[in-house]
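An overview of the molecular structure
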Amino acid sequence: MTYRERIAAALDDGLRFAGLYATGSVVRVALVGPDGVLRLESVEVENGRVPTIVDLTPATAWDEREAADLYGVRFDGHEPLRPLVEHDLDLRNWTVPVHGDDAYQVAVGPIHAGVIESGHFRFHVVGDKILHLDARLFYKHRGLERAAEGRSLEEGRAYAQRACAACAVTNSVAYAHACEDALGLTPTAELARVRTVLLELERAWSHLNDIAAVCAGAGLAAGNTFFAALTERARRVNEQLTGHRFLFDSVQVGGNALVVDAARVAAAREEIASIAADSKSGWRELLFNSSLQDRLPDIGVLTADDALRLGAVGPAARASGVADDVRSTSPLLAYDGLVAVAPRRVAGDVQARLEQRAVELLQTFELLDTLLDRPIVAVDAVGGSEGSPLGLGRVESPRGATLCVVEHAAGRINRLHLRTGSYANWPVLAHAAVGDLLPDFPLINKSFELCYACADR
Amino acid sequence: MLTLLRNLRRLRTTVALPAPARGRSLALRHVDAGSCNGCEHELTLAASPYEDVQRFGFGIVASPRHADVLLVTGTVTTRMREPLLAAYHAMPEPRRVVALGDCALARGVLAANAEIVGPVEAVLPVDLRVPGCPPSPSTITQALLDLYDGDYAVKTVTW
């Protein structure tokens, strides 16, 4: 079968696109089955070209554009192949042409009005109505994947972690899983537990922050301040447990070096229970606040069909009715029997995405309460299986499925690739904003709350 | 809503941050020149009830036209050099530049050389350096107080 036939057959079999990247000579596609098992399909680059698969799965649009910009691969059939990482200043080259009476453009960014990361949005509008949105990111492209090449597997962790502070644990665990896959190591149950604690601590502060951000987007200062205070408390728990407010350097390849005694674990568990109680009370207040609630329904709507077609992940996909959560198929982590939760009204709009965070928070607080029942001790992963030159890891971040691929030779990195939940969802956000009013965009944007840093890398 | 406000009031009483001894005012504009988003998250929480940087009269403004201080986070990427300069040149004099966080100071930066220009001081004159990965909300507040009390107030009279 040809490359395209293999991808088409896999998609027909119910596998979903999980990422595409180029090396110098090969393009590889990661696919994921309903059981969470990853499959890799590869195709040789011939004369700088490979066939596109963007017509088979539109979710690959950004991946192919990135591979074209950074590795010079042309994707036959992907027309027009617009620049993504490269900043071609000629508008005609990177925006979708919009014609018609009174259609005009509104340029926003890269510097935004609040304390926000840098990125540029090009809105095509008539009056206040958004006809199309071209997002130009990669202002923060630091070349982290390239910079990691030639480093040891242990050194490489920093590059995955520092791609993004808000997803530092997720990126580190995905990287550790990929390395352990390549080294033939398997995490023990205790190692899985420690990493799951760290992942859920990250989700807790992140979701609290997202609820605060939506309140800010709707101008509800009291809700913003209340949830900002809870975010601060969650970060203090992080510091108390690991010595770092963003849990930096708490994840290692091949084991866990973090040690937390019984008293500190118990204190953290108690504080988490208190944060959980306060966040429930705050959430109830938001539900009964009509000036907030009136802003939320029926804007930024992402249908389930579009979520599947465009490859949406994480809370944004689940709020649209796609019950997909990597945590429910993660044998390497301590999520036994976790079932993806959904809001009462699975409408794929700002309200549903906000409530998705609230219901997931309850799950996260319960998980932390269960997992923080004993001290955290140093443990190693166990060996036994054969290593390979390529390892894969896939972990659910607060924003969705994050794929990490590590290719190495004798423990030196040849290629590191990180495809984060934010990367998957940026094109989805641009799609969800179409048809809405420009003044609602900040709120729609906040309801996705994507990182620029871990898309740009 | 009333419950929310009551709870916030209780929180402020419990945290009991001291009122500043004197009045101050600084308008801050933030520019992310290539951060990992950690400095942004900490800067955001400098406004939480646990730190309340506004009690000193320090606040984020939407435009560099309104700003006294440019807070720059991240190592400066090639793609952010021009926007950063544009923001700086849009500010009225007198103006100050704060390099916020280790990346902005070129400490332990992880990046491909071809994609970055360098630390903030490679692009702009830096008045205050705030280390940390990322600096905590209280570190940020203290740094701004140092800037204001130690340096800024004296040098504002330039005509």
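Residues numbered from 1 in each chain as written. Chains lettered and ligands numbered in written order. Predicted model: local features only at pLDDT ≥ 70, side-chain atom pairs only at ≥ 80, totals over all residues.

Describing the overall build of chain A
Scanning chain A from terminus to terminus reveals 16 helices and 13 strands. Taken over the C-alpha trace, chain A has a radius of gyration of 21 Å; the compact-globule value for 457 residues is 23 Å, and the two agree within 12%. Burial statistics for chain A: of 457 residues in total, 55% are counted as buried. The contacts in chain A between residues at least 6 apart in sequence include a share of 68% that link residues at least 24 apart. (Helix = DSSP H or I, 4+ residues; strand = E, 2+ residues; numbered from the N terminus. Rg over C-alpha atoms; globule rule 2.2 N^0.38 Å. Buried ≥ 20, exposed ≤ 12 C-beta atoms within 10 Å, placed from the backbone. Contact = placed C-beta atoms within 7 Å.)

What to know about the overall build of chain B
Check the secondary structure of chain B and you find four helices and seven strands. Starting at the N terminus, the α and β elements of chain B follow one another as α-β-α-β-β-β-α-β-β-β-α. Its C-alpha atoms give chain B a radius of gyration of 17 Å, within 12% of the compact-globule value 15 Å for 159 residues. With respect to the principal axes defined by its C-alpha atoms, chain B has extents near 55 × 40 × 25 Å. For chain B, the proportion of contacts with a sequence separation of at least 24, taken over those separated by at least 6, is 83%.

So, the sheet that holds strand 1 (residues 16-22) of chain A
Residues and elements named next belong to chain A. Strand order in the open sheet made by the three strands is 1-2-3, with antiparallel pairing throughout. In the strand order of this sheet, the two ends are held by strand 1 and strand 3 (38-44), each with one partner. Direction aside, neighbouring strands of the sheet carry axes that sit 20° apart on average. The pairing of strand 1 with strand 2 (residues 26-32) spans six bridges and is antiparallel. (Pairing = 2+ DSSP bridges. Axes fitted to C-alpha atoms, helices over the stretch in contact; angles between N-to-C directions.)

What about the sheet that holds strand 12 (residues 400-409) of chain A?
Residues and elements named next belong to chain A. On the basis of which strands lie adjacent, the open sheet formed by three strands has the order 11-12-13 and antiparallel pairing. Each having just a single partner strand, strand 11 (390-397) and strand 13 (412-419) make up the two edges of the open sheet. When the angles between neighbouring strand axes are averaged without regard to direction, this sheet yields 15°. Of the strand pairs in this sheet, strand 12 and strand 13 are connected by seven bridges, and their pairing is antiparallel. Considered in strand 13, the bridge of Cys 404 is made with Leu 418. The strands touched by helix 14 (residues 421-432) are strand 11, strand 12 and strand 13; relative to strand 12, the strand with the most contacts, the crossing angle is about 130°.

Concerning the packing of helix 8 (residues 221-242) of chain A against helix 1 (residues 2-15) of chain B
Two measures define how a pair of helices packs: the angle their axes make with one another and the distance between the axes. Orientation of helix 8 of chain A relative to helix 1 of chain B, taken along the N-to-C sense of each, is 45°, at an axis distance of 10 Å. With respect to each other, helix 8 of chain A and helix 1 of chain B are oriented oblique. Between helix 8 of chain A and helix 1 of chain B lies a crossing of left-handed hand. Facing Ala 222, Gly 223, Thr 225, Phe 226 and Ala 229 of chain A of helix 8 of chain A, the residues of helix 1 of chain B in contact are Leu 4, Leu 5, Asn 7, Leu 8 and Leu 11 of chain B. Per-class residue counts for the contact of helix 8 of chain A with helix 1 of chain B are seven nonpolar, three polar and no charged. (Parallel < 35°, antiparallel > 145°, perpendicular 65-115°, else oblique. Left-handed = near helix turned anticlockwise from the far one by under 90°. Nonpolar A, V, L, I, M, F, W, Y, C, P; charged D, E, K, R; others polar.)

What about the interface of chain B and chain A?
Each partner contributes to the interface: chain B provides 41 residues, whereas chain A provides 40 residues. Listing elements by their share of the side of chain B that touches chain A, those giving two or more residues are helix 1, strand 1 (26-32), helix 2 (38-45) and helix 3 (81-89) of chain B. Looking at the side of chain B that touches chain A, its residues break down into 23 nonpolar, 14 polar and four charged.

Re the nonpolar core
Within the largest apolar cluster, 192 residues are counted, with the highest numbers of intra-cluster contacts made by Cys 164, Ala 312 and Val 406 of chain A together with Leu 70, Val 72 and Val 98 of chain B. For Leu 70 of chain B, the contacting residues outside a window of four places in its chain are Arg 29, Val 31, Pro 64, Ala 87, Tyr 88, Met 91, Arg 95, Val 97 and Val 98 of chain B. (Core = buried A, V, L, I, M, F, W, Y, C linked by C-beta atoms within 7 Å.)

Here's the deal with the environment of Arg 374 of chain A
Residues and elements named next belong to chain A. For Arg 374, the location among the structural elements is in the loop between helix 13 (350-371) and strand 10 (379-380). Look at Arg 374 and you get exposed, because 12 C-beta atoms sit within 10 Å. C-alpha separation for the pair Arg 374 and Ala 266, spaced 108 residues apart in sequence, amounts to 7.9 Å.

Quick word on the pairing of strand 3 (residues 69-73) of chain B
Residues and elements named next belong to chain B. Burial runs high along strand 3: five of the five residues are buried. With burial as the criterion, each face of strand 3 is covered, one bearing Val 69, Leu 71 and Thr 73 and the other bearing Leu 70 and Val 72. Two strands pair when backbone bridges link them, and strand 1 and strand 3 are joined in this way by five bridges, in the parallel orientation. Each residue of the ladder has a partner; that of Arg 29, found in strand 3, is Leu 70. Of the strand pairs in this sheet, strand 3 and strand 5 (residues 96-100) are connected by five bridges, and their pairing is parallel. Each bridged residue has a counterpart across the sheet, and for Val 72 the counterpart in strand 5 is Ala 99.

Quick word on the confidence of the model for chain B
Residues and elements named next belong to chain B. Residues at a pLDDT of 70 or more form 94% of chain B, whose mean pLDDT is 90. Counted against residues more than four places away or in other chains, residues 153-159, with its pLDDT under 50, gives five contacts. Of the two predicted TM-score estimates for the complex, the pTM is 0.95 and the ipTM is 0.93. (pLDDT = per-residue confidence, 0-100.)

As for the packing of helix 8 of chain A against helix 9 (residues 262-287) of chain A
Residues and elements named next belong to chain A. Axis separation between helix 8 and helix 9 bottoms out at 10 Å; the angle between their running directions is 170°. One finds that helix 8 runs roughly antiparallel with respect to helix 9. As helix 8 packs across helix 9, the resulting crossing turns out to be left-handed. Counting all contacts with helix 8, which are made through Gly 223, Phe 226, Phe 227, Leu 230, Arg 233, Ala 234, Val 237, Gln 240 and Leu 241, the residues of helix 9 involved are Arg 264, Ala 267, Ala 268, Glu 271, Ile 272, Ile 275, Asp 278, Ser 279, Gly 282 and Leu 286.

Side note on unusual backbone geometry
Residues and elements named next belong to chain A. Residue Pro 80 is reached from Glu 79 by a cis peptide bond, and omega for that bond is -10°. Mapped onto the elements of the fold, Pro 80 is located in the loop between strand 5 (74-76) and helix 3 (91-94). Pro 110 follows Gly 109 through a cis peptide bond whose omega is 20°. When you line up the elements, Pro 110 lands in the loop between strand 6 (104-108) and strand 7 (120-126). Positive phi outside glycine occurs at Asp 249, with the angle close to 60°. Mapped onto the fold, Asp 249 is located in the loop between helix 8 and strand 9 (255-256). In this structure, Arg 457 is a non-glycine residue whose phi angle is positive, near 55°. Relative to the elements of secondary structure, Arg 457 occurs in the segment after helix 16 (453-456).

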